[in-house]
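Coordinates in review
One-letter residues, chain by chain:
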Amino acid sequence: MKQYIWFDGEFVEFEKAKVHVLTHSLQYGSGIFEGIRAYQTDKGPAIFRLDDHLKRFFNSAKIYSIKMPFSEGEIRKAIIETMIKNKLEEAYIRPFAFYNDANIGLDVTGKKVSVIVATVPLKTYFKNKDKGISCKISSWHRINSLILPPMAKASGNYINSIIASLEAKGSGADEAILTSVEGYVAEGAAENIFMVKDGLLITPSREADILLGITRDSIIKIAENLGIETIERNIHKEELYTCDELFFAGTAAEITPIKSVDGRVIGEGKPGPITKTISDKYFDIVHGRDILFKDWLTYVKN
């Protein structure tokens, strides 16, 4: 079955959605994007927290002074129409805004901004997700606001994540954990991080230069509903070694347990009870089996 990409208001066949090799955003990383998921429910596919993702998408554009050629409502409509066009029950959704200009140079004044929406199948981001993954604390630090705006989901920001992830995989680990320039735990290469200690859920605060993830926010709200106290504070990296449970949270990663960090086994080396409780609740919500957070779902009507 043919798949399509929404490209500046028109549907283009997946293989024919192309730009010039000198496109500014390809050369300099000057694009912004979102990662959104749609899940299968008994009412058809539903997009998880679509409006919150769109809000962050447009906030990223504002931070980088990218003049969006489409409104938030138009992109919202494009995402739903692309889901319908591609007839996917579950999908990873990628809206992407970029400078579609092939002239060499950093100046973006007057350059054309294009927007695409892609929907692609994505099951499990980490191969060993169910059993838990291994992590390495990276020698590379997470970017901070003195260098680049970490709260914007911008293409160029992820070079920081890529080099850390390559280092981790080169050492035999599945993923990297980055620290802030002050040495506090920040996040994974593309995931927020949570640890459990003595029944408390603890996660880095925005002061650790994290991306304020939509899934992160969801976990905090779910934990509150479950009666689990969440504390946002600075985390010393050695705290990870002695915590009871540890997991990543993100759109692609969903909830991924971490079984070891720098060779130290976390807890019993398998997903812990609080991680599992939160994970079960999360998947009930995204699949429409729990009406508590029903407003988080946007159903795609064919």
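One can find the structure itself at the top, above this paragraph.
Residues numbered from 1 in each chain as written. Predicted model: local features only at pLDDT ≥ 70, side-chain atom pairs only at ≥ 80, totals over all residues. Heavy atoms only, no water.

A closer look at the overall build of the protein chain
- For the protein chain, the helix and strand inventory stands at seven helices and 17 strands.
- Here the protein chain has a C-alpha radius of gyration of 19 Å; the compact-globule value for 302 residues is 19 Å, and the two agree.
- Projected onto its principal axes, the C-alpha coordinates of the protein chain cover approximately 50 × 45 × 30 Å.
- Buried positions account for 52% of the 302 residues belonging to the protein chain.
- In the protein chain, 70% of the contacts between residues at least 6 apart in sequence involve partners at least 24 apart. (Helix = DSSP H or I, 4+ residues; strand = E, 2+ residues; numbered from the N terminus. Rg over C-alpha atoms; globule rule 2.2 N^0.38 Å. Buried < 20%, exposed > 50% of the residue type's maximum accessible area, 1.4 Å probe, protein only. Contact = heavy atoms within 4.5 Å.)

A look at the side chain of Ser260
- Following the sequence through the fold, Ser260 ends up in strand β15 (residues 254–261).
- Overall, the relative accessible area of 13% leaves Ser260 in the buried class.
- In contact with Ser260, not counting residues within four places along its chain, are Ile133, Ser134, Cys135, Val265 and Ile266.

Here's the deal with unusual backbone geometry
- Of note in this structure, Lys87 is not a glycine but carries a positive phi near 55°.
- Within the secondary structure layout, Lys87 lies in the loop between α3 (72–86) and β6 (91–99).

Here's the deal with the environment of Ile137
- Summarising the element assignment, Ile137 is placed in strand β8 (residues 133–141).
- With 42 residues separating them in the primary sequence, Ile137 and Thr179 have C-alpha atoms 7.5 Å apart.
- Not counting residues within four places of it along the chain, the set of residues in contact with Ile137 comprises Ile177, Thr179, Lys237, Leu240, Tyr241, Val261 and Asp262.

Quick notes on the nonpolar core
- With 28 residues, the main nonpolar core has Ile32, Ile47, Met68, Ile75, Ile79, Met83 and Ile93 as its most contacted residues.
- Put simply, the parts of the chain that give this core at least two residues each are β4 (36–39), α2 (50–63), α3, β6 and β7 (113–120).
- Apart from the residues lying within four places of it in its own chain, the contact partners of Ile75 are Trp6, Leu54, Phe57, Phe58, Phe70 and Val115.
- By size, the runner-up hydrophobic cluster in this structure holds 23 residues, among which are Tyr39, Phe48, Ile220 and Phe293. (Core = buried A, V, L, I, M, F, W, Y, C linked by side-chain atoms within 4.5 Å.)

Let's talk about the state of the cysteines
- This structure, assessed with the given rule, holds zero disulfides.
- With no disulfide partner, Cys135 has as its closest neighbouring cysteine sulfur the one in Cys243, 11 Å distant.
- For Cys135, a relative accessible area of 3% corresponds to the buried category.
- Judged by relative accessible area, Cys243 falls into the buried class, the value being 3%. (Disulfide = S-S within 2.5 Å.)

Here we look at the packing of aromatic side chains
- One pass over the structure, following the stated rule, counts 11 aromatic pairs.
- Relative to Tyr158, the ring of Phe33 has its centre 5.2 Å away and its plane inclined at 55°; by these criteria the two rings are tilted. Taken together, the positions of Phe33 in strand β3 (residues 32–33) and Tyr158 in helix α4 (residues 158–170) put the pair 125 residues apart, joining distant regions of the chain.
- Ring geometry for Phe293 against Trp296: centres 4.2 Å apart, planes inclined by 10°, an arrangement best described as stacked.
- Taking relative accessible area as the criterion, Phe293 reaches 15% and is therefore assigned buried.
- Following the ring pairs from residue to residue traces out a cluster consisting of Phe48, Tyr282, Phe283, Phe293 and Trp296.
- The ring centre of Tyr299 lies 5.4 Å from the NZ or CZ of Lys43, which sits over that ring.
- Here the basic side chain of Arg264 rests over the ring of Tyr241, its NZ or CZ set 4.1 Å away from the ring centre. (Phe/Tyr/Trp six-rings, centres within 6.5 Å; stacked < 30°, edge-to-face > 60°. Lys NZ or Arg CZ within 6 Å of the ring centre and 35° of its normal.)

Keep in mind these numbers describe shape, not what the thing actually does.
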